[in-house]
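As a plain string of letters, each chain reads:
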Amino acid sequence: MRQAHSVCFVGHSGSGKTALAEAMLRVAGVAGDIALDRTPEEKNRKQSIDLSVGSCTWQGRRIDLVVTPGLGEFIEEVHKGIAAADLVVLVVNAEKPVEVVTEQAWEILRAARRPAFVFVNMLDKPLADPEAALNAVRGALDGKFVPLQLAVREGDAFLGVADLLTDPPASGKFTVSDEIRARAEALRAELVEEAATCDDALLEKVLADEEPSREEVLAALRTGVQEGRLVPVLWGSVSEGHGVRELLDASLALGPDGANSSGTRLRVFSLSLDPYLGRLAYVKVQSGEVRDGDALFNLTTKDKVQIRDVYAYSGAKLEKVGHAGGGSIAALGKLEGVELGATLDADPDAEPEPPIPFPKPVFVRAVTARSQAEEEKVSTALRDLSTTKATLTFQRDPVTKEGLVAGMGDVQLDVLAERLRTRYGVEIQYKVPKVPYRETIRKTATAMYRHKKQTGGHGQFGEVHLRIEPLPRGAGFEFVDEIKGGVIPQQFIPGVEKGVREALEEGVLAGFPVVDVRAAVYYGTYHEVDSSELSFKIAARTAFKMAAENAEPTLLEPIMSLSVTTPDAFTGDIISDVTSRRGRILGMEAEGGRTTIRVEVPMAETLSYALDLKALTQGRATFQMSFARYDFVPAQLQERLLVQLRAADAS
């Protein structure tokens with residue numbers, strides 16, 4: 001018996017993915033509430049934000065339907081859905097077949113080597129043109145796209161689809177005329193020829209002008225689909241009910257089995273925080289089965305994991321079932337410490353699945369609570385939510401002390417703020433983050449400071465002579481003891497080092513940490529009664545600041561590595577824009593109509609780059625960013641920058 005399998009729907013926002021999945025549930029007999037956009041944020045915005053799951057039974061077989069959002073900022077959910085899918089359906093709008101997320105989702109599913117269909121939706125729209133839509137898909141996406149049906153239109157009306165593998169073709173709201181039959185036969189001949197490229201026996205029949213059976217053609221198509229050599233194209237209009245039943249049939253006839261029969265193996269493809277059930281780990285049962293009470297191993301950490309609560313979907317409702325069979329999607333409750341993408345296996349020595357290639361967050365904002373009293377609550381909520389998302393992080397910058405939230409763009413962070421308000425009852429504000437500059441010195445300098453303080457009883461006394469000198473970028477800090485003859489007793493040297501390290505925390509230009517410096521204590525004096533470690537710490541701290549002022553102190557700024565991938569048409573605009581941001585082009589690679597540009601840019605010039613790049617390229621370019629190194633702020637900019645920084649501190 002063939003196992004359950006999962007079908008993932010991807011595509012640009014507005015193509016009708018959620019409506020298609022809900023229509024499939026309805027056609028399959030699921031009653032009651034089948035809404036897949038369930039969170040308050042999705043209901044308010046009337047669009048998908050998180051990956052959602054539903055389930056139905058068709059022809060006696062369980063099918064889990066996984067729907068992903070269509071906005072580029074939520075591309076993480078597309079990675080998750082594809083990781084759980086046995087078959088991916090790319091849903092396109094017949095009037096606008098190829099949009100930004102259409103291309104991005106196709107690249108992800110092809111890289112993941114998932115079998116795929118294309119479902120051309122909204123053929124009831126006035127500007128819908130099946131032939132133009134197919135040509136657009138073939139022109140923009142790599143793959144051999146083969147229609148399984150003839151889309152039948154009359155004027156502006158979409159009447160239904162004719163199956164190319166039945167005779168006479170199955171009909172919708174139309175009569176199979178001689179013209180429709182002739183067109184279907186011509187398309188059927190093309191379909192059989194493409195199928196024959198995937199099956200030698202079928203190819204022999206075609207070459208011998210023998211008529212193959214429907215089952216022979218389907219078997220060849222099934223091979224071609226599962227090997228990624230063929231991509232079936234189906235037509236429909238969800239709003240008018242056309243093509244839904246046919247998609248269900250085709251997914252079973254041509255899609256792969258969802259699992260094999262070996263030992264239990266699960267893939268954690270998504271995490272969520274349910275307001276009633278707590279933390280849930282969504283898993284694809286890749287083989288075997290899972291039950292309450294099972295003990296599995298997390299192959300990443302080698303820890304033993306106890307399975308407690310197994311949930312599965314019945315329609316659009318999550319129910320506690322205690323068991324999930326091979327190929328199905330389940331949710332596991334009370335599974336703490338298991339990370340996104342983890343492989344759970346009955347064999348502790350098995351190899352884990354490759355990590356899901358999530359993009360890194362690229363849009364950073366400083367976040368503050370509405371009131372000081374809510375700061376801790378906000379921090380806790382942000383840490384909770386960020387553990388469920390690969391493209392959402394929260395941390396506190398050690399230099400600026402700001403809380404920083406990073407995501408894929410402003411829409412994702414707006415959703416986060418809304419989620420904090422509705423689920424946790426806290427309000428937050430975003431602002432552009434401060435740049436974590438650092439300070440260093442350009443030349444060697446010396447200074448002496450004597451700390452002397454006399455009060456009742458023992459006083460304080462310590463004299464330190466200090467030399468500081470620059471080190472190469474990234475070298476950090478070195479402390480050198482050059483004292484000879486015991487002019488400073490050894491028990492006080494740790495105090496000198498502590499004083500220097502305290503001084504490093506706040507530089508002399510704008511109060512940023514000082515790095516890449518060697519400090520040597522080479523002389524000093526002490527008092528037998530009044531000297532102490534504290535006295536020498538105070539003296540060293542002041543001596544360092546005095547020396548730094550004479551050592552050509554300068555600002556260092558963080559430099560970021562950017563990798564921008566864009567359609568070739570925008571390459572010139574991006575290079576010009578990067579150059580205007582003090583960027584340096586490191587190299588370019590062109591492939592398949594897209595160019596990847598590798599650059600280095602100061603962080604200060606990238607704080608709104610996610611928004612600017614979206615505007616510059618209509619959202620068709622993507623980028624990844626990582627820290628590269630610190631480098632000197634150009635001299636012509638430093639004075640102006642210092643004025644701005646000091647003014648900001650004073651305000």
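Figured I'd write up the structure that's included with this text. The model shown is predicted, which means the values in this text are computed figures rather than measured ones.

Moving on, we get to the sheet that holds strand β9 (residues 231–235). Overall, mixed pairing links the seven strands, which are arranged β2-β3-β1-β4-β5-β9-β6 in an open sheet. Sheet topology places β2 (52–58) and β6 (145–147) at the edges, where each strand pairs with a single neighbour. Across the sheet, the axes of successive neighbouring strands diverge by a mean angle of 25°, strand direction being ignored. As paired strands, β2 and strand β3 (residues 61–67) are joined by seven bridges and run antiparallel to one another. Looking at β3, one finds that Val-53 is bridged to Val-66. Set on the sheet, helix α1 (residues 17–27) makes contact with β1 (5–10), β2, β3, β4 (87–93) and β5 (116–121); between it and β3 the angle comes to about 160°. Strands β5, β6 and β9 of the sheet are contacted by helix α5 (residues 130–140), whose axis makes an angle of about 160° with β6.

Moving on: empty space enclosed by the protein. Under the defined criterion, the tally for this structure stands at two cavities of 30 Å³ or more. Size it by volume and the largest cavity reaches roughly 40 Å³. If you trace the largest cavity, you find it lined by Glu-439, Thr-440, Ile-441, Gly-507, Val-508, Val-514, Phe-544, Ala-548 and Pro-553. The set of elements that each furnish at least two residues to the lining of the largest cavity consists of β24 (438–441) and α13 (533–549). Per-element tally for the lining of the largest cavity: the top contributor is β24, with three residues. Residues belonging to the lining of the largest cavity are distributed by class as follows: six nonpolar, two polar and one charged. What the second largest cavity holds in volume is close to 30 Å³. Every residue along the wall of the second largest cavity is listed here: Val-367, Thr-368, Ala-369, Glu-375, Val-378, Ser-379, Leu-382, Phe-394 and Arg-396. Sorting the residues of the lining of the second largest cavity by element identifies β20 (363–369), α10 (375–386) and β21 (393–396) as the ones contributing at least two each. With four residues, α10 is the single largest residue contributor to the lining of the second largest cavity. Residue classes in the lining of the second largest cavity are distributed as five nonpolar, two polar and two charged.

Viewed as axis vectors pointing N to C, helix α8 (residues 214–226) and helix α9 (residues 244–254) meet at an angle of 80°, and their least axial separation amounts to 9 Å. On the basis of their axis angle, the class for α8 and α9 is roughly perpendicular. Where α8 abuts α9, its residues Leu-218, Leu-221, Arg-222, Val-225 and Gln-226 lie against Leu-252, Ala-253 and Leu-254. Of the residues assigned to the contact of α8 with α9, the class counts are six nonpolar, one polar and one charged.

Quick look at the nonpolar core now. Across soluble globular proteins, nonpolar side chains show a tendency to be buried alongside one another. Counting residues in hydrophobic clusters, the biggest one holds 64 residues, and the most contacted among them are Val-10, Trp-106, Val-118, Val-120, Phe-145 and Leu-344. The contacts of Trp-106, once residues within four sequence positions are left out, are Leu-90, Ala-116, Val-118, Leu-141, Asp-142, Phe-145 and Val-231. Among the nonpolar cores identified, the runner-up in size contains 52 residues, and Ala-21, Val-152, Leu-248 and Leu-252 belong to it.

Judged by how many residues are buried, strand β18 (residues 329–333) sits mostly within the fold: five of five residues are covered. Of the two faces of β18, the one carrying Ile-329, Ala-331 and Gly-333 and the one carrying Ala-330 and Leu-332 are both buried. Sheet topology note: the strand β11 (residues 278–287)/β18 ladder contains five bridges and is antiparallel. Paired with Val-283 across the strands is Ala-330, a residue of β18. For strand β15 (residues 309–314) and β18, the ladder comprises three bridges, and the chain directions are antiparallel. Counted as the bridge partner of Val-310 is Leu-332 from β18.

Once that is clear, we can look at the packing of α10 against helix α11 (residues 410–424). Between α10 and α11, the least distance of the axes is 11 Å, while the angle of their chain directions is 115°. Relative to α11, α10 is oriented roughly perpendicular. Here α10 runs over α11; the crossing is right-handed. Along the contact surface, α10 presents Lys-377, Ala-381, Leu-382, Asp-384 and Leu-385, while α11 presents Leu-416, Arg-419, Leu-420, Arg-423 and Tyr-424. Per-class residue counts for the contact of α10 with α11 are six nonpolar, no polar and four charged.

Applying the stated criterion to the full structure yields zero disulfides. Cys-8 carries a free sulfur, and the closest cysteine sulfur to it, the one in Cys-56, is 15 Å from it. The class for Cys-56 is buried, based on a relative accessible area of 4%.

Conventions and cut-offs
- Residues numbered from 1 in each chain as written.
- Predicted model: local features only at pLDDT ≥ 70, side-chain atom pairs only at ≥ 80, totals over all residues.
- Heavy atoms only, no water.
- Pairing = 2+ DSSP bridges.
- Helix = DSSP H or I, 4+ residues; strand = E, 2+ residues; numbered from the N terminus.
- Axes fitted to C-alpha atoms, helices over the stretch in contact; angles between N-to-C directions.
- Contact = heavy atoms within 4.5 Å.
- 1 Å grid on protein atoms, 1.4 Å probe; cavity = no way out; pocket = protein on both sides within 12 Å on 5 of 7 lines; lining within 4 Å.
- Points joined across faces, edges and corners; volume = space filled by probe spheres on them.
- Nonpolar A, V, L, I, M, F, W, Y, C, P; charged D, E, K, R; others polar.
- Parallel < 35°, antiparallel > 145°, perpendicular 65-115°, else oblique.
- Core = buried A, V, L, I, M, F, W, Y, C linked by side-chain atoms within 4.5 Å.
- Buried < 20%, exposed > 50% of the residue type's maximum accessible area, 1.4 Å probe, protein only.
- Left-handed = near helix turned anticlockwise from the far one by under 90°.
- Disulfide = S-S within 2.5 Å.

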